[in-house]
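# Chain and residue survey
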Amino acid sequence: MLDFVENFDIPLALIEANYREPEPGMKLTQAMLQDIRLALYSSEYVYLIDAEENPGVAKVGISRKPEKRLLSLQTGSPYLLNIRYTYGPFIKSSARELEDRIHKMLRNSRMSGEWFSISASEIDTVITSEIQKSNDLWAGAHHA
């Protein structure tokens, strides 16, 4: 069923969380495959990045590819940046909602934009708690 996934950069966890293997003899229709592709291509991860030399500063954002986002941020940073945690995959609207909620919860620690003066482990506790509260909305999300 999922042979086409290897040709795309698609998070398999999202497929596994939302789709089951068809019954024996059942064929996937083109419409079913299109629904899967649309869901997967709109998937996003919430990421948490911090600077190795400054562990009390962290960034919370969303991206389809957090590793690529890290590389683009690293270009403009004098510090070595690391992805500390990723959460997801989520459908894009859920990722944005989670990111917005976390940014609002951390507003008193905001330094600039999506950067906060709080440790990555403290933010992880907040994010993990929000995901658990919203488990029905973000079914299938995982924490890495």
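Anyway, here's the lowdown on the structure attached to this text.

Scoring rules and cut-offs
- Residues numbered from 1 in each chain as written.
- Predicted model: local features only at pLDDT ≥ 70, side-chain atom pairs only at ≥ 80, totals over all residues.
- Heavy atoms only, no water.
- Helix = DSSP H or I, 4+ residues; strand = E, 2+ residues; numbered from the N terminus.
- Buried < 20%, exposed > 50% of the residue type's maximum accessible area, 1.4 Å probe, protein only.
- Axes fitted to C-alpha atoms, helices over the stretch in contact; angles between N-to-C directions.
- Parallel < 35°, antiparallel > 145°, perpendicular 65-115°, else oblique.
- Left-handed = near helix turned anticlockwise from the far one by under 90°.
- Contact = heavy atoms within 4.5 Å.
- Nonpolar A, V, L, I, M, F, W, Y, C, P; charged D, E, K, R; others polar.
- Expected span 1.5 Å × (residues − 1).
- Arc of directions from axis to C-beta.

## Examining the environment of S43
As for its placement among the helices and strands, S43 is situated in strand β1 (residues 43–51). Residue classification places S43 among the buried residues on the basis of a relative accessible area of 2%. A C-alpha to C-alpha distance of 8.4 Å links S43 and G88, two positions 45 residues apart in sequence.

## Points about the packing of helix α4 (residues 92–105) against helix α5 (residues 120–133)
Interaxial distance between α4 and α5 falls to 11 Å at its minimum, and their mutual angle equals 130°. Compared by their axis directions, α4 and α5 come out oblique. For the crossing formed where α4 meets α5, the hand is right-handed. Counted together, L98, R101, I102 and M105 of α4 and I123, V126, I127, E130 and I131 of α5 form the full contact between these two elements. Classifying every residue of the contact of α4 with α5 by side-chain character gives 7 nonpolar, no polar and 2 charged.

## Considering α5
For α5, which comprises 14 residues, the first-to-last C-alpha distance of 20 Å matches the rise-based estimate of 20 Å (1.5 Å per residue) to within 8%. Those residues of α5 that fall on the buried side of the exposure criterion are A120, I123, D124, V126, I127, E130 and I131. Taken around the axis of α5, the buried residues stretch over an arc of 165°, which confines them to a single face. Facing away from the buried side of α5, by more than 90 degrees, are the exposed residues T125, Q132 and K133.

## Section: helix α3 (residues 66–75)
Taken as a whole, α3 has its buried residues at P66, L70 and L73. One face of α3 carries all of its buried residues, which in axial projection span an arc of 65°. α3 presents E67, K68, L71 and T75 as exposed residues on the side facing more than 90 degrees away from its buried surface. Looking at the buried residues of α3, the elements they touch are β1, β2 (54–63) and β3 (81–91).

## Re the environment of A120
Relative to the helices and strands, A120 is located in helix α5. On the accessibility criterion, A120 (5% relative accessible area) is buried. The sequence separation of A120 and K59 amounts to 61 residues, and the corresponding C-alpha distance is 8.3 Å.

Geometric values such as these leave the question of function open.
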